[in-house]
Amino acid sequence: MTPLQRYVAEEIATDHADGILTRREALRRLGLLGLGATAAAALLAACAGGDTGITDYGPAPTAPSTPPGSAAALPTTAVTFTGPGGTPLQAAWAAAQQPRGGVLVVHENKGLTDHIRSVAGRFAGAGYSALALDLLSAHGGTAAFTDPAAATAELSRIPPEQLVGGVGAGRAAMPRRGEGKMLGATGFCFGGGLTWLLLASGPSRLAAATPFYGPFPDNGDLSASKAAVLGVYAANDARVNASRPAAEAALARSGSPHQIFTAPYADHAFFNDTGQRYSATAATEAWRRVIDWYGTYLG
């Protein structure tokens, strides 16, 4: 099992521990990942008995009712471009009216959903043309999967180097669509992990990156990356936070501008306004910081 496969399996088990998935559904999803009944049951038991990592900050502040950036969001258009080995890659493209830069949006383990399309549109509304990839393109695209759990399982089976290659192809396509502006990358959960992997894969054209609660790769080395990185975490996300010290150490060694923001009260996937862990307060603050970060390092 690759680190990303392990991450997806643990996410399913954590969703069960938090009451988001029934035991039956969690076992079904773990089975789609290839885990046998015994291994799946053991993983569920381990996550159910683990430390939640929840931090008590007292009462949460009152939150706004609309997702951050949505009021100014622009529409997206379905596009196709050439990926590794000539494979067509699908994506959603949102063009800013007067682009200050470009942002590559890397989706969660559910694929290219309407939520991720909306994030691309929000970036465009904030002045950053955005390309949201569909990393399931070689399998017909996310829309080809009627069962979201099957889409997640298929994503987990794609070799990490192939996923990073797809993200890299999206990055390479951005200058042609973004009028040569400076580029950033934002990924969420699974996509946050891929954003870290892209930064650790060697030199790139990224000037900035803002990975959201993504696992940092084992022995990740960011010395070849010159991107200014804002790492976004959630205070109650003990599983992903376990790799945060490694990310902070790698950022310090890289010498590039960097900052870590940990949202109080919040849990994993707090930015996804279609999910049960959504925190409007944390999402709004994180969005403000991301836009400020890109305003500093992209233009």
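Residues numbered from 1 in each chain as written. Predicted model: local features only at pLDDT ≥ 70, side-chain atom pairs only at ≥ 80, totals over all residues. Heavy atoms only, no water.

S.K.: Help me understand helix α7 (residues 190-200), please; the structure alone is not making it clear to me.
M.R.: Since one α-helical turn is 3.6 residues long, residues separated by three or four positions face the same way. Burial runs high along α7: nine of the eleven residues are buried. Within α7, burial applies to Phe190, Gly191, Gly192, Gly193, Leu194, Thr195, Trp196, Leu198 and Leu199. Within two residues after α7, Gly202 carries a phi angle of roughly 130 degrees, on the positive side. (Buried < 20%, exposed > 50% of the residue type's maximum accessible area, 1.4 Å probe, protein only. Helix = DSSP H or I, 4+ residues; strand = E, 2+ residues; numbered from the N terminus.)

S.K.: Just to check I follow, could you spell out the sheet that holds strand β1 (residues 77-82) for this structure?
M.R.: Strand pairing in a sheet takes place through backbone hydrogen bonds and is either antiparallel or parallel in direction. Read across the open sheet, the eight strands follow the order β1-β2-β4-β3-β5-β6-β7-β8; overall the sheet is mixed. The two strands at the open ends of the sheet, each matched to only one other strand, are β1 and β8 (258-263). Strand-to-strand twist of the sheet, defined as the mean angle between neighbouring strand axes without regard to direction, takes the value 25 degrees. With six bridges joining them, β1 and strand β2 (residues 88-94) adopt antiparallel strand pairing. (Pairing = 2+ DSSP bridges. Axes fitted to C-alpha atoms, helices over the stretch in contact; angles between N-to-C directions.)

S.K.: Got a minute to help me understand the packing of aromatic side chains in this structure?
M.R.: A ring pair, where both rings are aromatic, is described by two values, the distance of the centres and the angle of the planes. The tally for this structure, following the rule as stated, stands at twelve aromatic pairs. Pairing Trp196 with Phe216 gives two aromatic rings, centres 5.1 Å apart and planes at 75 degrees, and the pair type is edge-to-face. Of this pair, Trp196 sits in helix α7 while Phe216 sits in the loop between β6 (206-209) and β7 (228-234), and the two are 20 residues apart along the sequence. Overall, the relative accessible area of 7% leaves Phe216 in the buried class. (Phe/Tyr/Trp six-rings, centres within 6.5 Å; stacked < 30°, edge-to-face > 60°.)

S.K.: How do you make sense of the pattern of salt bridges when you look at a structure like this?
M.R.: Pairing between side chains of opposite charge can happen when the charged atoms of each approach one another. Under the criterion given, the structure shown has 13 salt bridges. When the shortest N-O distance is used, the salt bridge between Arg239 and Glu11 registers 3.4 Å. Placement of the pair is Arg239 in helix α8 (residues 238-241) and Glu11 in helix α1 (residues 3-17), with a sequence separation of 228 residues. Residue classification places Glu11 among the buried positions, given a relative accessible area of 8%. Three or more residues are tied together by salt bridges with common partners; here these are Asp15, Asp18, Asp267 and Arg277. (Salt bridge = Lys/Arg side-chain N within 4 Å of Asp/Glu carboxyl O.)

S.K.: Any chance you could explain the packing of α1 against helix α2 (residues 23-32) here in plain terms?
M.R.: To characterise two packed helices, one gives the angle between the axes of the helices and the distance between these axes. At a minimum axis separation of 9 Å, α1 and α2 run at an interaxial angle of 175 degrees. Judged by the inter-axis angle, α1 sits roughly antiparallel to α2. For the pair formed by α1 and α2, the contact residues are Ala9, Ile12 and His16 on the first element and Arg23, Ala26, Arg29 and Leu30 on the second. For the contact of α1 with α2, the residue count by class is four nonpolar, one polar and two charged. (Parallel < 35°, antiparallel > 145°, perpendicular 65-115°, else oblique. Contact = heavy atoms within 4.5 Å. Nonpolar A, V, L, I, M, F, W, Y, C, P; charged D, E, K, R; others polar.)

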